[in-house]
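A structural walkthrough
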Amino acid sequence: MSNDLRLLVKNAKQIVLVCNNGERYLTKDGMKKFALMENASLVVGKDGLVKAVGPAGLIDSQYKEASFENVIDASGMCVIPGLIDAHTHPVWAGDRVHEFAMKLAGATYMELHQAGGGIHYTVEHTSRASPEQLLAGLRPRLLRMLRAGTTLAECKSGYGLELDAEVKMLSVIEQARRELPIGISSTYCGAHAVPRGKTASQATDEILKVHLPKLKDKMSKGELSIDNIDVFCERGVFDLNCTRAILKAGQDIGLQINFHGDELYPTNSAELGAELSALAVSHLEEVSDEGIAAMAKSKTSAVLLPTTAYILRLKQPRARDMLDAGVIVALGSDFNPNAYCCSMPIVMHLGCVNMKMSMNEALAAATINAAYALGKSHLHGSLEVDKQGDLIILNSARWEHLIYQFGGHQELIRYVIIKGMVV
Ligand code: NIG
Ligand code: FE
């Protein structure tokens with residue numbers, strides 16, 4: 001036994017397991033089982049998996065003969081699972097600080113988009129950038145996420161639109177996955193906007209006939225690994241029929257469905273997500289009652305993005321209605337040049353204050369439910385035996401300080417640990 005142990009975290013004031021019965025997600029009913037231990041210890045093996053978590057005295061006696069590569073005395077500190085960011089757009093060149101000023105002065109997101117700014121501005125800069133330049137931009141963003149406690153992040157393409165530029169973005173994500181300790185779930189989002197000079201149906205055709213076959217080929221040769229497919233389903237971007245066709249074709253080549261919908265206008269995206277048994281629909285500021293009911297029934301998760309609603313002064317996503325209906329609610333930062341926030345602690349804070357989530361609900365949404373939204377909750381999102389040893393250690397006696405101290409995470413997060421290794 002002794003040769004197999006990587007890390008002992010001992011005597012923590014609290015260890016928040018989130019859940020401990022192999023749950024793959026927590027809905028409102030499941031929140032009753034939200035699991036936390038006082039005065040506890042945790043063991044991670046050399047395979048990076050949790051071997052034990054339990055009362056400090058018990059772990060002490062069970063492991064007193066064992067030797068560990070690393071021992072952290074967490075007296076007075078708290079342990080929570082690594083945070084999971086279920087929605088980010090971190091690969092891009094250029095920024096849009098000038099547009100932030102325009103939005104503060106009253107311009108809407110769609111006005112900027114239709115005038116050729118917004119996503120189009122970023123596409124122009126990203127298409128011109130070399131892979132090296134894009135990677136040089138991506139690295140510090142992912143490291144910033146790590147420092148804010150994110151151990152697994154979804155990362156989208158979508159600022160290329162044309163095939164070569166999309167492949168370039170996906171390859172950069174692939175390279176980051178090999179280079180950095182942070183876990184990555186990658187998403188092809190070629191239908192993030194309609195390329196200039198094309199109609200949505202032409203763009204859809206090209207995605208179906210050219211992009212997806214090419215991606216399939218690259219995946220089968222092991223040149224790319226892509227986890228999810230995404231579409232910006234929105235009035236004036238991709239309508240429901242184009243979205244359905246793209247998502248289904250993506251699913252046919254083995255991608256998980258995780259798409260943008262019901263953000264600026266109601267489009268019945270939630271209903272479409274349920275129809276396709278999507279893993280997740282993001283945004284949902286404009287979701288209908290029927291959409292909420294359909295998502296609850298189909299177990300399609302809602303990835304809510306409080307930063308977007310905050311920055312664009314949109315209607316708040318209806319987190320309470322969704323939770324009450326039994327929807328699986330996850331959170332994401334939506335990090336992108338419009339919403340420049342990499343911090344899941346800030347996202348959880350906004351979720352609590354603006355969307356009326358409890359702190360336990362926000363943490364479940366940023367851990368086990370975010371893992372579910374990425375199809376990874378069998379391995380991520382809670383501190384349980386045989387799950388990955390991804391955790392953060394907080395310099396506070398109660399874990400809720402991470403949400404309560406708005407923007408205070410830099411000082412609160414003492415260690416970020418992935419697969420039992422301090423990163
Ligand atoms: O999730 N709404 C569409 N996509 C992004 C914004 C991307 C951008 O503005 O660059 C979002 O908010
Ligand atoms: Fe987004």
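Since we're looking at a predicted model, the values are computed, not measured. (Residues numbered from 1 in each chain as written. Chains lettered and ligands numbered in written order. Predicted model: local features only at pLDDT ≥ 70, side-chain atom pairs only at ≥ 80, totals over all residues.)

Here the focus is the sheet that holds strand 12 (residues 301–304). Reading across from one edge, 6-7-8-9-10-11-12-13 is the order of the eight strands in this open sheet, with parallel pairing throughout. Edge positions in the sheet fall to strand 6 (83–85) and strand 13 (329–331), since each has one partner strand and no second. Between one strand axis and the next, the sheet turns through 25° on average, direction left out of account. When strand 8 (residues 183–191) meets strand 9 (residues 228–231), the two strands line up parallel, connected through three bridges. Counted as the bridge partner of Thr187 is Asn228 from strand 9. (Pairing = 2+ DSSP bridges. Helix = DSSP H or I, 4+ residues; strand = E, 2+ residues; numbered from the N terminus. Axes fitted to C-alpha atoms, helices over the stretch in contact; angles between N-to-C directions.)

A few words now on the confidence of the model for the protein chain. A residue-level look at the protein chain finds 99% of positions with pLDDT of 70 or above and a mean pLDDT of 97. Per-element confidence in the protein chain ranges from a low mean pLDDT of 92 for helix 3 (residues 109–114) to a high of 99 for strand 6. Of the two predicted TM-score estimates for the complex, the pTM is 0.98 and the ipTM is 0.97. (pLDDT = per-residue confidence, 0-100.)

This brings us to the nonpolar core. Val79, Ala302, Ala330, Leu331 and Ala366 are the most contacted members of the largest nonpolar core, which totals 136 residues. Sort the elements by how many residues they give to this core and strand 1 (residues 5–18) lands first, with nine residues. Not counting chain neighbours up to four residues away, the residues in contact with Ala302 comprise Val281, Leu284, Met295, Met322, Val327, Ile328, Val329 and Ala330. (Core = buried A, V, L, I, M, F, W, Y, C linked by C-beta atoms within 7 Å. Buried ≥ 20, exposed ≤ 12 C-beta atoms within 10 Å, placed from the backbone. Contact = placed C-beta atoms within 7 Å.)

Turning next to the site of ligand 1. In the neighbourhood of ligand 1, 13 residues make up the surrounding shell, with Ile119, Phe232, Thr308, Asn336 and Asn338 lying closest. The residue inventory of the shell around ligand 1, partitioned by class, reads four nonpolar, seven polar and two charged. (Near = placed C-beta within 6 Å. Nonpolar A, V, L, I, M, F, W, Y, C, P; charged D, E, K, R; others polar.)

The next point concerns the packing of helix 5 (residues 131–147) against helix 6 (residues 163–179). Packing of helix 5 against helix 6 brings their axes to within 10 Å, and their N-to-C directions diverge by 50°. By the angle between their axes, helix 5 is oblique relative to helix 6. Note on packing geometry: the crossing formed by helix 5 with helix 6 is right-handed. Across the interface between the two elements, Pro131, Leu134, Leu135, Leu138, Arg139 and Leu142 from helix 5 touch Lys168, Met169, Ser171, Val172, Gln175 and Ala176 from helix 6. Split into classes, the residues belonging to the contact of helix 5 with helix 6 amount to eight nonpolar, two polar and two charged. (Parallel < 35°, antiparallel > 145°, perpendicular 65-115°, else oblique. Left-handed = near helix turned anticlockwise from the far one by under 90°.)

Glancing now at the packing of helix 7 (residues 200–220) against helix 8 (residues 240–252). At their nearest, the axes of helix 7 and helix 8 sit 10 Å apart, and the two run at 5° to each other. Our classification of the angle between helix 7 and helix 8 gives roughly parallel. Of helix 8, the residues touching helix 7 (which contributes Ala200, Ser201, Thr204, Ile207, Leu208 and Leu212) are Cys242, Ala245, Ile246, Ala249 and Gly250. The residue inventory of the contact of helix 7 with helix 8, partitioned by class, reads eight nonpolar, three polar and no charged.

This part is about the pairing of strand 15 (residues 413–418). Bridge count for strand 14 (residues 391–394) against strand 15 is four bridges, and the pairing is antiparallel. Bridge assignment links Leu391 to a residue of strand 15, and that residue is Ile417.

Relative to strand 2 (residues 35–45), strand 1 runs antiparallel, the two being bridged by nine bridges. Bridging from a neighbouring strand, Leu7 pairs with Val44 of strand 2. Note that strand 2 and strand 3 (residues 50–55) share five bridges and pair antiparallel. Within the sheet, the bridge partner assigned to Val44 lies in strand 3 and is Val50. With antiparallel pairing between neighbouring strands as the criterion, strand 2 and strand 3 make up a hairpin whose turn holds four residues, including Gly48 at a positive phi of roughly 85°.

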